[in-house]
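Coordinate analysis (summary)
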Protein chains: 4
Amino acid sequence: MQRFPDHLLNGYNNFMSGRFSEQQQRYKALAETGQQPKTLVIACCDSRAAPETIFDSGPGELFVVRNVANMMPPYEPDGHYHSTSAALEFAVQVLKVSDIVVMGHGRCGGIKAALDLDAEPLSPGDFIGRWMHLLKPAAEQIQSNNIMTAAERQRALERVSIRNSIANLRTFPCVDILEKRGKLNLHGAWFDISTGELWVMDPKTGDFVRPGM
Amino acid sequence: MQRFPDHLLNGYNNFMSGRFSEQQQRYKALAETGQQPKTLVIACCDSRAAPETIFDSGPGELFVVRNVANMMPPYEPDGHYHSTSAALEFAVQVLKVSDIVVMGHGRCGGIKAALDLDAEPLSPGDFIGRWMHLLKPAAEQIQSNNIMTAAERQRALERVSIRNSIANLRTFPCVDILEKRGKLNLHGAWFDISTGELWVMDPKTGDFVRPGM
Amino acid sequence: MQRFPDHLLNGYNNFMSGRFSEQQQRYKALAETGQQPKTLVIACCDSRAAPETIFDSGPGELFVVRNVANMMPPYEPDGHYHSTSAALEFAVQVLKVSDIVVMGHGRCGGIKAALDLDAEPLSPGDFIGRWMHLLKPAAEQIQSNNIMTAAERQRALERVSIRNSIANLRTFPCVDILEKRGKLNLHGAWFDISTGELWVMDPKTGDFVRPGM
Amino acid sequence: MQRFPDHLLNGYNNFMSGRFSEQQQRYKALAETGQQPKTLVIACCDSRAAPETIFDSGPGELFVVRNVANMMPPYEPDGHYHSTSAALEFAVQVLKVSDIVVMGHGRCGGIKAALDLDAEPLSPGDFIGRWMHLLKPAAEQIQSNNIMTAAERQRALERVSIRNSIANLRTFPCVDILEKRGKLNLHGAWFDISTGELWVMDPKTGDFVRPGM
């Protein structure tokens, strides 16, 4: 039998003897009562930016959707299936979260791909190309600037993309209504893998600032 | 200014004084060299089933896509954007992962929704309904069985859904080719929130078994 | 008699009873032997970003030219007087400094003025307008981007301007020659007034990074 | 990577653990509200005469332009860029400072260069020569005196130059008007590097006197 990866089994054993045994009652209660997370996090697939790690979150705290470049597409009730929109709907309508965090990070491979405007498709399906197409107008505008460095342009698009996703969140009627009623707060955050710094978005200006500074 | 949630900032401070300060060099190196995870995990958004927690994974280990009910849709090169397929393509074509784990869990709200065949849409967009539509034939077949309890049916669909996703993975040419060349391994796993048990799929039979037992 | 400002006299008394009395011998020696600073800093006039404060520098350490937005104009041997070029020439040819630091900072009023492309002149002489004209092509390129926030555009131009000044430094034959001989090093730095963070320019990429991180 | 100078990084670390940590709230407030200095200082680049050091000034107190020999050129609305005039305009028209201090010092290399009437240009551009040309009539007059020592002539020109700059300040319409309205005060000061003495100009007579004496 093709083995389940050893590093995952070893990690699982650590989990069982560590966190799970410490929080056994909590896991059991969460199984019985169901989850009641207050926060939806829309995060990237990147292996270096897991929200539970960065926010040191325990079980039941964060409802997390992860896709390439932590993007929220706009409201498109077109009859197709939409993975991220489904997760949003579930979080808002079923779980009734009070906060949504769009969480980006530095050195994002998806954002880098979006900035590579002349890239060849990775496969005939061109799934990355299609997905990053959501950011194409922004990527083109940023690439038209030739005085910022490549790294600066990437960081700029990483942040523009977070604001873009927050704007897209507001195209969903349920988000728009609840936010206006003061029952739902939208947040942006950006994590610097290299330094560990967390930057959060000022909701008034859209700027990213160090919290508490 | 609307505050960034305190529980996240507190958690972040724990992270910085704990794991980040212990692994600062690793984070820095990962930022500079880029991520090279060997494993893609397709997991659920559920707040109780974060893969990094369950597999006690450090930064750089797992590339994680999370959607409602950890589903991999089939290959559909239709010109629309597909969040999960984009993440798959990125993991396989860019990061060249060697293992893909479809990871389900017990008491999954998405699976429960899929089994509620007469449910009203949660919103006019009916995003959850559309998304769980991917499982509709399986859900109908399971619901037609009236001698299993509701909990048993749910657990059954949770596992059927994992096998379904693995079958869908193989509809992607890149996955199919690499698996046949022995360069890519597909795995299923299922986590019991209540007991902490991990079950892994026997690739030959499709059964879920306790690893090492 | 119109009084010399009290706050300056009070500060001067602090200086005399503090630093000067501690470093009296050093001041005396510096007066007799002349200054031999190793570093020229091109800094902004801003009251919040004095180089001696930020680098905790003692007497004799830094030769400092300060103008609005810490700009180095290009080499223009046109027979007019050029304040900053004169200071550069003095530092390089007379004092033979080994390092030049172009030091910018956040929330720079000069950079903000440069980005206000439609501003009315502040006076018939329009001195600020003429001075910031040195940055006009960069400012126009950055303002053509409407998806970065105002603060992000300002920070981008603050950094572009530092690179611009470093490029202008190299248009001076004496700088170019000495740098190529390895006798003169050019550096960029950017200070965040709000957080106190110092970012230094990577000479290879032009990116700004936290030193030692 | 060519390193940022260690002595600057060490100094910066002192600043962060010292003054910045003591005045963190002040820096933050200054960043948010913007600077509101009441005083413009026109000072020399000399490494031994930093105004913030001599006046023991904290962040936000002094708006400082520094050029060789702390000179204010006359009003020349000729369409060229003028670094010092731009700084003056910014301080008076935007920041609305109430005091301007022209601050000279002993053993000034720029003044010494101005007195060397037969000096060869330091470079083909002759930037120092052109800049000190602003003082040429005064330098010639002082050098025509052959009974003062070289040191006496230098000190004399240092003070003449301060009065010269104050006269030039008054050629700017905005300075002239505001001074006549009693909203702007012009001051001269001269610092003796060797003894630490500060001398301030009596606005009526132009003499330099020890303040409070």
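Calculation criteria
Residues numbered from 1 in each chain as written. Chains lettered and ligands numbered in written order. Predicted model: local features only at pLDDT ≥ 70, side-chain atom pairs only at ≥ 80, totals over all residues. Heavy atoms only, no water. UniProt positions renumbered as here; feature names shortened; annotations may be inferred. Helix = DSSP H or I, 4+ residues; strand = E, 2+ residues; numbered from the N terminus. Rg over C-alpha atoms; globule rule 2.2 N^0.38 Å. Buried < 20%, exposed > 50% of the residue type's maximum accessible area, 1.4 Å probe, protein only. Areas by Shrake-Rupley, 256 points an atom, 1.4 Å probe, with all protein chains shown as cover. Lys, Arg positive; Asp, Glu negative; His and termini not counted. Charge placed at Lys NZ, Arg CZ, Asp CG, Glu CD. Pairing = 2+ DSSP bridges. Contact = heavy atoms within 4.5 Å. Salt bridge = Lys/Arg side-chain N within 4 Å of Asp/Glu carboxyl O. Polar contact = N/O pair within 3.5 Å; in protein donor to acceptor, adjacent residues only side chain to side chain. Nonpolar A, V, L, I, M, F, W, Y, C, P; charged D, E, K, R; others polar. Least-squares fit on C-alpha atoms with pLDDT ≥ 70 in both. Buried area = accessible area lost by both parts, 1.4 Å probe. Domains from an automatic or database assignment.

- Chain A goes by Carbonic anhydrase in an unreviewed UniProt entry, where it is assigned to Rhizobium giardinii.
- Check the Catalytic activity (unreviewed entry) section of the UniProt entry for chain A; it says "hydrogencarbonate + H(+) = CO2 + H2O".
- UniProt annotates chain A under Function (unreviewed entry) with the comment "Reversible hydration of carbon dioxide."

Description of the overall build of chain A
- Regarding its fold elements, chain A presents nine helices and six strands.
- Taking 2.2 N^0.38 as the reference for a compact globule, 213 residues should give roughly 17 Å; the C-alpha atoms of chain A span a radius of gyration of 19 Å, in line with that estimate.
- Each principal axis of the C-alpha atoms in chain A carries an extent, and together these give about 55 × 50 × 45 Å.
- Split into buried and exposed, the 213 residues of chain A put 62% on the buried side.
- When the accessible surface of chain A is totalled, it reaches about 7900 Å², and 47% of it is carbon and sulfur.
- Distance between charge centroids for chain A: 4 Å, based on 22 positive and 24 negative side chains.

A short note on the pairing of strand β3 (residues 99-105) of chain D
All names here are of chain D.
- Counting buried positions over the seven residues of β3 gives seven, a clear majority of the element.
- On β3, burial covers both faces: Asp-99, Val-101, Met-103 and His-105 on one face and Ile-100, Val-102 and Gly-104 on the other are all buried.
- Bridge analysis of strand β1 (residues 39-44) against β3 gives four bridges, and the strand direction is parallel. Each residue of the ladder has a partner; that of Leu-40, found in β3, is Ile-100.
- Two strands pair when backbone bridges link them, and β3 and strand β4 (residues 185-191) are joined in this way by seven bridges, in the parallel orientation.

Observations regarding the interface of chain C and chain D
- Facing the 98 residues of chain C at the interface are 98 residues of chain D.
- At the junction of chain C and chain D, the tally comes to two salt bridges.
- Note that Arg-66 of chain C and Glu-52 of chain D form a salt bridge whose closest N and O atoms lie 2.8 Å from each other.
- In this assembly, chain C and chain D are joined by 35 residue pairs in polar contact (both at pLDDT 80 or more).
- With ten residues, helix α1 (residues 6-22) of chain C is the largest single contributor of residues to the side of chain C that touches chain D.
- Residue composition of the side of chain C that touches chain D, grouped by class: 50 nonpolar, 29 polar and 19 charged.

Topic: the environment of Gln-154 of chain D
- Mapped onto the fold, Gln-154 of chain D is located in helix α8 (residues 150-169).
- If near-sequence neighbours (up to four positions away) are discounted, Gln-154 of chain D is found in contact with Arg-107, Cys-108, Ile-111, Lys-112 and Leu-115 of chain D.

With respect to the relation of the copies chain B and chain A
- Once chain B has been moved 0.0 Å along the axis and rotated by 180 degrees, it coincides with chain A to within an RMSD of 0.1 Å. Taken together, the turn and the small shift mark the pair as related by a two-fold rotation axis. Residue Arg-66 of chain B, judged by its C-alpha, is the member of chain B lying nearest the rotation axis, at 2.3 Å.
- Interface overlap between copies is the fraction of interface residues in one copy that are interface residues in the other; for chain B against chain A it reaches 100%, indicating a shared surface.

A short note on the UniProt feature "binding site: Zn(2+)" (unreviewed entry) in chain A
- Listed under "binding site: Zn(2+)" (unreviewed entry) in the UniProt record, and renumbered for this structure, are Cys-44, Asp-46, His-105 and Cys-108 of chain A. Of the residues just listed, which span 65 residues, no C-alpha pair is farther apart than 8.7 Å, and they cluster in one region.
- Note that Cys-44 of chain A resides in strand β1 (residues 39-44).
- In this structure Cys-44 of chain A touches Arg-66, Asn-67, Val-68, Ala-69, Asn-70, Met-103, His-105 and Cys-108 of chain A together with Val-64 of chain B, once residues within four positions along its chain are discounted.
- Locating His-105 of chain A in the fold gives a position in strand β3 (residues 99-105).
- A relative accessible area of 2% places His-105 of chain A in the buried class.

Brief notes about the relation of the copies chain C and chain D
- Taken as rigid bodies, chain C and chain D are interconverted by a rotation of 180 degrees and an axial shift of 0.0 Å, the fit giving an RMSD of 0.1 Å.
- A share of 100% of the interface residues of chain C reappears at the interface of chain D, consistent with the copies meeting face to face through the same patch.

Describing the interface of chain B and chain A
- Taken residue by residue, the interface counts 98 residues in chain B and 98 residues in chain A.
- Taken over both partners, the interface formed by chain B and chain A buries close to 8300 Å², and the fraction arising from carbon and sulfur atoms is 64%.
- One can count two salt bridges joining chain B with chain A.
- Between the two partners, chain B and chain A, sit 35 residue pairs in polar contact (both at pLDDT 80 or more).

Topic: the domain arrangement of chain A
Residues and elements named next belong to chain A.
- Parsing chain A into structural domains produces domain 1 (1-34) and domain 2 (35-209).
- Distance between the C-alpha centres of domain 1 and domain 2: 28 Å.
- Each side of the interface is counted separately: domain 1 has seven residues, and domain 2 has seven residues.
- Across the domain 1/domain 2 interface, buried area totals approximately 500 Å², and carbon plus sulfur atoms make up 53% of it.
- Considering only the side of domain 1, the residues that lose the most area to domain 2 are Arg-19, Leu-30 and Gly-34, jointly responsible for 63% of the buried surface there.
- Where domain 1 meets domain 2, there are zero salt bridges.
- Our count for the domain 1 to domain 2 interface comes out at one residue pair in polar contact (both at pLDDT 80 or more).
- Ranked by the residues each element gives to the side of domain 1 that touches domain 2, the list is headed by helix α2 (residues 24-33), at four residues.
- In terms of residue class, the side of domain 1 that touches domain 2 is made up of two nonpolar, three polar and two charged.

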